[in-house]
Structure formats: structure tokens, C-alpha cells
Amino acid sequence: AAGIPVKEFVPTQEDYVKIYNEVAKRLVDFDEYDDGSYGPVLVRLAWHASGTYDVETKTGGSNGATMRFQPESDHGANAGLKAARDFLEPVKELFPWVSYSDLWTLAGVCALQQMGGPVIPWRPGRADSDVSACTPDGRLPDATKEQKHLRSIFGRMGFNDQEIVALSGAHALGRCHTDRSGFDGPWTFSPTMLTNDYYKLLVGEKWNWKKWNGPAQYEDKTKALMMLPTDMALIKDKEFKKWVDKYAKDQDVFFKDFSDVVVKLFELGVPFKQEERWVFKVAE
Ligand code: CCH
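Residues numbered from 1 in each chain as written. Predicted model: local features only at pLDDT ≥ 70, side-chain atom pairs only at ≥ 80, totals over all residues. Heavy atoms only, no water.

### Details of the overall build of the protein chain
Right, on to step 1. Helices and strands together make up the secondary structure of the protein chain, namely 10 helices and five strands.
Right, on to step 2. Against the globule reference of 19 Å for 284 residues, the protein chain gives a C-alpha radius of gyration of 19 Å, in line with a compact fold.
Right, on to step 3. Its C-alpha atoms give the protein chain principal-axis dimensions of about 75 × 40 × 35 Å.
Right, on to step 4. If you take every contact in the protein chain between residues at least 6 apart in sequence, the share linking residues at least 24 apart comes to 72%.
Right, on to step 5. When the accessible surface of the protein chain is summed, it comes to about 13,600 Å², and 53% of that surface belongs to carbon and sulfur atoms.
Right, on to step 6. In the protein chain, 36 positive and 42 negative side-chain charges are present, and the distance between their average locations comes to 4 Å. (Helix = DSSP H or I, 4+ residues; strand = E, 2+ residues; numbered from the N terminus. Rg over C-alpha atoms; globule rule 2.2 N^0.38 Å. Contact = heavy atoms within 4.5 Å. Areas by Shrake-Rupley, 256 points an atom, 1.4 Å probe, with all protein chains shown as cover. Lys, Arg positive; Asp, Glu negative; His and termini not counted. Charge placed at Lys NZ, Arg CZ, Asp CG, Glu CD.)

### Considering the sheet that holds strand β4 (residues 218-219)
Right, on to step 1. Reading across the sheet, the three strands line up as β3-β4-β5 and stay open at both edges, with antiparallel pairing between neighbours. With partners counted over all chains shown, the strands left at the sheet margins are β3 (208-209) and β5 (226-227), one partner each.
Right, on to step 2. Of the strand pairs in this sheet, β3 and β4 are connected by two bridges, and their pairing is antiparallel. Bridged to Trp209 within β4 is Tyr218. (Pairing = 2+ DSSP bridges.)

Set out below in C-alpha cells:
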């Protein structure tokens, strides 16, 4: 039988706006989590999905969403990100046509904008892969290391010194969890608002080694805030510190550079057909 041709659903910008708004709504609805928002862990999910990219082999990156599968879901660096994936599962059920890889990055954009961050232009085009595309362990940064490691890991993704420092400002958000990374505490006093406080605190506070049985980390004099060895590397290294000083002085400059570098991060290795990037309005 010739049958009736099945009309393929071709989503438009409006359809992606619906996804953005649904994620934004859920961020408000589920405000009992952690410091009062799933926002930070959604940002971390999008970053860990994207940050596996290798410029040489053109493997990894947000295209594929391979963190859904073992072994990648069990990589030490991804501990705790199930919370973010599970948070987005009902959104995927509402919009089954969206790929996980587009959904995770769009949710990252939504979280950043809803937490007071800059506009992050975004475009669709990622397709999900199967388990065979999982990246090997060790592609994401190790918080116990310093500048040499940062340059090697982020260099493999294609980022320079300025971009490394701009990306690191995401640590204004969220916190470390002893049952995930082993580290403990937030970097700033407003972990659900994107600001340039991370840089201000890095240069403005006195940081001492925390005396405890956990992994080596720094604490401020109030003992409420923390820095990782990789965070402190940004002020130990003269080239990195230039950018820390610049972003500490001027939040607008940070926001501009942060937006540019996050767009690049979320697009690493994605074979887009669409040239145009869309800007999503912050939901009320
Ligand atoms: Fe990060 N990050 N990150 N990070 N990160 C952690 C948490 C967050 C490193 C290590 C850690 C970026 C760069 C680095 C976020 C975004 C970004 C934690 C705690 C560790 C450890 C995890 C836990 O215990 O839950 C290291 C090392 C680097 C190297 O530079 C970049 C880049 C980004 C985004 C652009 C966010 C957000 C969090 C908070 C997550 C949460 O659940 O609150």
C-alpha cells in the first residue's frame, strides 16, 4: 500500500523557546535542591558533556551526549551529574524530538541566563550517539593539579590562557560536594547568581590550606569559602593572573568574554547545518 506519507516534525525556533521556558520553570519549581537551584549542576553537566573535546582526533564534545552511558557516566569527574540528567528527563519526555545533546547544552544556556549571567547565543544541530562514542577517562581537568595541567587539558579542547580564565569564572556558581568530588564548599557567597565574585575573591582574600582529612583545598579566613588547587593556579601564574585582575575589575568585560567562550565550548566538534544562533529571552 502506498500509505499516507508521514510528515516529519521540523522544530522551529519557537519550539526551542518552549524547551528553554520549561527548563526555566522547573528551575523555579524545584528550588529545594542544594543551595536552592539546579542551575549550577546543569551548567556543570553541559560543561562536562562539551569539555571532552579533542581538537586532534575531533572526538568528544557536546555532540553525542555519551555521558548517558557507562563507562562515561561513571568517570570520576562526572560524579553527581546524574542529578542534572534526571532533572532534564521529564523535559525530554515533553519534547521527545530534541536530542539529549541539544537539550543538555540548551539547559546550560538557560541556567546561566536565569542565574543572572550574560546572554549566551545558541543553535541546535547536535545528534545523539551510541555507547561506542564514549570518550576515554581523563579528558576533564583534575582539581589537584595546577597551571601546566590546565594548559594541557584546555589546550586539547582548543582554548588559550584568556579563555581558560574566563571559563573558570563559572565557579562563581555552585559548590563542591564531599560525596561527589571529595572537596567541600562553595567558591562565593552567592552560588546561584553569576557574578565576577570568583575573581574578586581570588585576588582579594587570603587563602590558606584547609586543615582536614579531605583532599587538599584552600579556605578563606571565614572558612565558609573554598578554592581548588586549579583555582589558585590562576593567580600563581603571571599570564593567567593578568586576566583574573581584568575580570575582577570589570564584570561587563567578564560577561562578554564568558559568553563568547561558553558559546565556543558548547559548540566544540558539532557539525552544524544552521549558521544562525538564537538568543533566548530570560523567563520571568
Ligand atoms: Fe568546575 N568543578 N572545574 N567548572 N564546576 C566543580 C563544580 C563546578 C573543576 C573542578 C570542579 C569548570 C572548570 C573546572 C562548574 C563549572 C565549571 C567541582 C565540584 C570540581 C571538583 C563537584 C562536586 O563536588 O559536586 C576543575 C578542576 C576545573 C578546571 O578548570 C568550568 C570550565 C566550568 C564551566 C564553564 C560548576 C557550575 C560547578 C558547581 C556544580 C554544582 O553541583 O554545584
